[in-house]
Amino acid sequence: MSEPLYLAPRLESRPAALLDSPGFLHPLVTALGSPLNVLLPDQLADNVRRFQDVYARHRLAGRIHYAHKANRSSALVRRLAADDGPTGIDVASLGELQHALSGGFTPDRIVATGPKDPDFLWLAARTGVTVCVDSPAELTALAALVERFRLPRVRVMPRLSQFTAPGTRILTRRSRFGTPVSEAAALLDLVEKHADGIELTGLSYHLDTMGIAEKAVALEGCLTVLDECRRRGLRPLAVDIGGGFGVDYLADGAQWERYTTELTRALLGKRPPLTWQGHGYGLRADSGTVRGALAVYPGHRPVAGARYLDELLAQTAPSLGRPLATLLLENLYDLHVEPGRALLDQCGITLVQVREVRHTADGDRLVRLAANARDVGLEDHGLLIDPVLVPARPEPPGSGGTPVGVYLLGNLCLEADLISRRTVFLPREPRPGDLLAFANTAGYFMDFTADHALHQPVARKVAVHGDGDGGWSWCLDDQYWPHLTAGDAL
Ligand SMILES: *Cc1c(COP(=O)(O)O)cnc(C)c1O
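Reading guide: rules and limits
- Residues numbered from 1 in each chain as written.
- Predicted model: local features only at pLDDT ≥ 70, side-chain atom pairs only at ≥ 80, totals over all residues.
- Heavy atoms only, no water.
- UniProt positions renumbered as here; feature names shortened; annotations may be inferred.
- Near = heavy atom within 4 Å.
- Polar contact = N/O pair within 3.5 Å; in protein donor to acceptor, adjacent residues only side chain to side chain.
- Areas by Shrake-Rupley, 256 points an atom, 1.4 Å probe, with all protein chains shown as cover.
- Nonpolar A, V, L, I, M, F, W, Y, C, P; charged D, E, K, R; others polar.
- Pairing = 2+ DSSP bridges.
- Helix = DSSP H or I, 4+ residues; strand = E, 2+ residues; numbered from the N terminus.
- Axes fitted to C-alpha atoms, helices over the stretch in contact; angles between N-to-C directions.
- Contact = heavy atoms within 4.5 Å.

Labelled according to an unreviewed UniProt entry, the protein chain appears under the name Y4yA family PLP-dependent enzyme, originating from Streptomyces coeruleoprunus. Reading the Cofactor (unreviewed entry) entry of the UniProt record for the protein chain gives the comment "pyridoxal 5'-phosphate".

Spelled out as structure tokens, the structure:
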């Protein structure tokens, strides 16, 4: 076999210690089935602290809203609700709002985002959460609800979009969400018209991009419209800059460089194939050259999460010419954020049992797993990371084994159900009963797409708590409450 091309996951100490506890993990999967999602709520609290550190460094105040849509877990919501720090939650559906309220979030800590159905809007207005109104029509509908049900004034932070940069250097994309900034004046007219029912407390945006320049344009755009709000006599207090801070998934940038280089060479036929039936991840060979663009998530991303926020705040506003953090400070605006993926960094793993290893006539090794591509959404998102082998039985010391390249197949009776369409290299050939642990799946890769196709089971979720000494305790996700923290109580 050619030399293995690993893409090792970046593991912080807590998930690394968990993966190093086969004696804890194997009985869990035996009891609860494969796949099994394991959550680390304590890690989430640590990640919040990292964002808080950035706030402190820039002397800014504001709320860190966890974007609920990244994971359906109850344990994560309840763990965050327990913190009395400046944490909140961003909900994007009626179900998420109900879940946040029932998990302990009071309405003052909740923001409702995305386009809203009437039921969602009613419960948001009735409970008094802050509404990031998505459009003028939604604002009008909200004001009508307040009037009809004689509700207290509802706080709104309208979502803006399609900001324009000075010059044409910075690409700003269209969005299907929010009110275009060019229509902000008409929106503010509506805010004034409905002043009895709604109170504008700020503005918001969320851009589904990692482009820092694009976000600087958006933040400056909000500051400019906030000036206009003040001129009109409104009293905005905050700007909410949404999520999209990203995660660094891979341990080693050099492995990433090498892998993508070799993938291109393989597609050109200059080395043995690295993908299932010539799958190209967006690239294709065309008489000796590669066309298309590599459509994979940039797994190695050193500036991500709280560090990304730090960099954004240090950016110079493109027109106003001063650092964004300074502009926020001078105007005494609070800064709210809505990280989903970034707050869930290192917060969960997905355990999958190996069922069968098959050697084909043309030399492929096929590893069939007790999970499918909807349970582990990595491939669907173009995120290339290796699973970690958790052996069923202790390995004798020095029995390193021989590295192998395998394809990971799912449990659906469907040709397309591959958990990886690329060759995944493992330190040795897996055996039935071994576990493969997919690291860092809590953000979007756990339950976003899982379903009951073929009546296959959907993964159960457990929350685990480490005692720091190698001991772990666990409970089902919906049995988790924050008062159960110490050792055997969880
Ligand atoms: C999805 C979403 C987020 C979270 O995005 P991440 O990339 O997970 O940080 C935040 N705000 C809104 C409005 C969203 O739709």
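A. View of the site of the ligand. In the vicinity of the ligand, 13 residues are found, and the nearest of them are Lys69, Gly244, Glu338, Arg341 and Tyr444. Gly244 is positioned such that a nitrogen or oxygen atom in its backbone is 2.7 Å from an oxygen atom of the ligand. Between the ligand and Arg341 there is a distance of 2.9 Å, counted from an oxygen atom to a backbone nitrogen or oxygen. Alone, the ligand offers 390 Å² of accessible surface; in the complex the protein occludes 88% of this. Residues belonging to the shell around the ligand are distributed by class as follows: three nonpolar, five polar and five charged.

B. How the structure looks around the sheet that holds strand 10 (residues 202-204). With respect to topology, three strands assemble into an open sheet ordered 10-11-14, the strand pairing being parallel. Since the sheet does not close on itself, it has two edges, and those belong to strand 10 and strand 14 (334-336), each with one partner. Between one strand and the next, the sheet's axes are offset by a mean angle of 15°, whatever the strand orientation. Strand direction decides the pairing type here: strand 11 (residues 238-240) and strand 14, joined by three bridges, are parallel. The partner of Asp240 across the bridge, within strand 14, is His336. Together, strand 10 and strand 11 form the strand contacts of helix 9 (residues 212-231), whose direction differs from that of strand 10 by roughly 155°.

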